[in-house]
Amino acid sequence: MSFKLSVRQGPRPNLVFELDQDSYTIGREAGNSIVIEDPQVSRRHASLLRQGNTYLIEDMGSTNGTYVNGRRITAPVLLVNNDLIGLADTVVLVAQLPLVSGEDATVVSEPHATPPPTLPAFTPPQVQQPPAAQPVPHQQPAPQYVPPPQYAPPPVDYAAPEMPAAADKRRTVLIGVGCLALILVVCVIGFVAWSFVDCRSFSSVFPFLFPPFQC
């Protein structure tokens, strides 16, 4: 009975690879000994090296890691019967070793960490996502102090106010001057009339205006 790897989870479930060579490479690239066409599997993901009746599995610097029974490996690990080999978090292979007895047996059927057949399918560890940032509750802005309006005196009109007293005074002077002129005109008319009406008496009173003459 040869060593076998069967696909429990992946692009082609229940596919069985029978191994009889000394070394194998596992990866997504077509040049590998065992090709797993899954986008999470690296082009050259892991390698197998024969050790007696079993194989050593080693990660080849893959991006998403190689797991044995749920633990990511960083050094070669010797496989035992029913080991679960995880490639990234999408492919699970089951190691099936031949049962060997006698003096030439190098591997016994007792597994070092064999899960019972009833265990669920291998699930690689999940990377814990950081907690989502809690939304900051909307805060109302603090009210701002608004000073009360200050009293402003009404604007002052600096234009020169009208002077009614001066206008009245000018009017009074004009009226007085008019009255005097009117009196003067009346007096002149009276003098002229007097000179015509009573020439003798007028000339005797105002000899310098009207020299004595025979009226």
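Our subject is the structure that appears above.
Okay, so let's go over this structure.

Definitions and cut-offs
- Residues numbered from 1 in each chain as written.
- Predicted model: local features only at pLDDT ≥ 70, side-chain atom pairs only at ≥ 80, totals over all residues.
- Heavy atoms only, no water.
- Helix = DSSP H or I, 4+ residues; strand = E, 2+ residues; numbered from the N terminus.
- Buried < 20%, exposed > 50% of the residue type's maximum accessible area, 1.4 Å probe, protein only.
- Areas by Shrake-Rupley, 256 points an atom, 1.4 Å probe, with all protein chains shown as cover.
- Core = buried A, V, L, I, M, F, W, Y, C linked by side-chain atoms within 4.5 Å.
- Contact = heavy atoms within 4.5 Å.
- Salt bridge = Lys/Arg side-chain N within 4 Å of Asp/Glu carboxyl O.
- Phe/Tyr/Trp six-rings, centres within 6.5 Å; stacked < 30°, edge-to-face > 60°.

Here we take up the overall build of the protein chain. Per the secondary structure count, the protein chain includes two helices and 11 strands. Secondary structure elements in the protein chain, listed N-terminal to C-terminal, are β-β-β-β-β-β-β-β-β-β-β-α-α. The burial tally for the protein chain puts 25% of its 215 residues in the buried class. About 15,800 Å² of surface is accessible on the protein chain, with carbon and sulfur atoms providing 60% of the total.

Core analysis: the biggest nonpolar cluster contains 23 residues, and Leu-5, Leu-19, Ile-34 and Leu-48 have the highest contact counts within it. For this core, the elements supplying multiple residues, two or more each, are β1 (3–9), β2 (16–19), β3 (23–27), β5 (46–51), β6 (54–59), β10 (84–87) and β11 (91–96). With near-sequence residues (within four places) excluded, Ile-34 lies in contact with Leu-5, Phe-17, Leu-19, Tyr-24, Thr-25, Ile-26, Gly-27 and Leu-48.

This paragraph deals with the pattern of salt bridges. Where charged atoms from two side chains of opposite charge come close, those side chains can pair. Overall, the coordinates contain two salt bridges when judged by the stated rule. The residue Lys-4 makes a salt bridge to Glu-18 at a minimum N-O spacing of 3.9 Å. Here Lys-4 is found in strand β1, whereas its partner Glu-18 is found in strand β2, with 14 residues between them in sequence. Looking at Glu-18, the relative accessible area reads 53%, which means it is exposed.

Under the criterion given, the structure shown has two aromatic pairs. Ring geometry for Phe-3 and Tyr-55: centres 5.0 Å apart, planes at 65°, overall edge-to-face. With Phe-3 in strand β1 and Tyr-55 in strand β6, this residue pair connects regions lying 52 residues apart in the sequence. The exposure class assigned to Phe-3 is buried, which follows from its relative accessible area of 3%. Each ring, one from Tyr-24 and one from Tyr-55, has its centre 6.1 Å from the other, and the planes form 65°; the classification is edge-to-face. Placement of the pair is Tyr-24 in strand β3 and Tyr-55 in strand β6, with a sequence separation of 31 residues. Among the aromatic residues, ring-to-ring pairing joins Phe-3, Tyr-24 and Tyr-55 into one connected group.

On to unusual backbone geometry, then. The phi dihedral of Asn-14 falls on the positive side, at around 70°, and the residue is not glycine. As for its position among the elements, Asn-14 is in the loop between β1 and β2. Judged by its relative accessible area of 68%, Asn-14 falls in the exposed class. Although it is not a glycine, Ala-88 sits at a positive phi angle of roughly 60°.

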